[in-house]
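Single-letter residue listing:
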Amino acid sequence: MGLIRKYTQLSPHLRLALIVAPLLLVGGYLLAGFYQPGPDDKPNDAPRALQLSGSCRLPGEVCRLLHREIAVNVGAEQQGKITEIYLATSVPLQGAVVGLENTTPVTMTTRGSLKRWKARLLRPLRPGDHLHLALVTRDHRYFADLPTTPDHGD
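Rules used throughout
- Residues numbered from 1 in each chain as written.
- Predicted model: local features only at pLDDT ≥ 70, side-chain atom pairs only at ≥ 80, totals over all residues.
- Heavy atoms only, no water.
- pLDDT = per-residue confidence, 0-100.
- Helix = DSSP H or I, 4+ residues; strand = E, 2+ residues; numbered from the N terminus.
- Pairing = 2+ DSSP bridges.
- Buried < 20%, exposed > 50% of the residue type's maximum accessible area, 1.4 Å probe, protein only.
- Core = buried A, V, L, I, M, F, W, Y, C linked by side-chain atoms within 4.5 Å.
- Contact = heavy atoms within 4.5 Å.

1. Re the confidence of the model for the chain
Detail in the predicted coordinates should be disregarded across regions flagged by low pLDDT.
Right, on to step 1. Averaged over all residues, the pLDDT of the chain equals 85, while 90% of them reach at least 70.
Right, on to step 2. Averaged pLDDT values over the elements of the chain bottom out at 85 in helix α1 (residues 2-9) and peak at 93 in strand β8 (residues 109-110).

Written as structure tokens, this is what we have:
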């Protein structure tokens, strides 16, 4: 009988709080289950295509690639039978890979920051080659396929 007497002596606000608090706890627990992301609500982690902006003539010109979250500049230089590929991005990358058809892809290395990358391909670019590029940021993966049009002297 002591608990009932103490309860009846409490202020009306405290009595209401003692009744409503457990109801809010159970209701919040049930409602939280409705708003949890389910197995079908996974974020779209598919690779995203980078779109070519303007003309692209590798080597010689810088190719500009765009996506909603990232901008990428790709350049190439012929050095005899070796091709140097340079990359500059608007956001830091975790990694980048570049390659030509029928060759093993090359992992790019940084040039001082996570926004500047380079790679060395062990063969020159030929007319009709396609340079394949794959980039990884903290949140997304991107890819591009760039046509090459070397100078007529190569």
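2. Remarks on the sheet that holds strand β4 (residues 70-79)
Right, on to step 1. Strands sit in the order β2-β3-β4-β5-β9-β8 across an open sheet of 6 strands; the sheet is antiparallel. Each having just a single partner strand, β2 (51-53) and β8 make up the two edges of the open sheet.
Right, on to step 2. As judged from the 6 bridges shared by strand β5 (residues 82-89) and strand β9 (residues 116-121), these two strands associate in the antiparallel manner. The residue of β9 that forms the bridge with E84 is R120.

3. Notes on the side chain of T137
Right, on to step 1. Along the polypeptide, T137 turns up in the loop between β10 (130-136) and β11 (141-147).
Right, on to step 2. Classification of T137 as buried rests on a relative accessible area of 10%.

4. Details of the nonpolar core
Where a protein is soluble and globular, its nonpolar side chains tend to be buried together.
Right, on to step 1. The biggest cluster of nonpolar side chains holds 26 residues, and the ones touching the most others in it are L58, V74, L87, M108, L131, L133 and L135.
Right, on to step 2. Looking at this core element by element, the count peaks at 4 residues for β4.
Right, on to step 3. Excluding residues that lie within four positions of it along the chain, L131 makes contacts with L58, V74, I85, V98, G99, L100, L121, A144, D145, L146 and T148.

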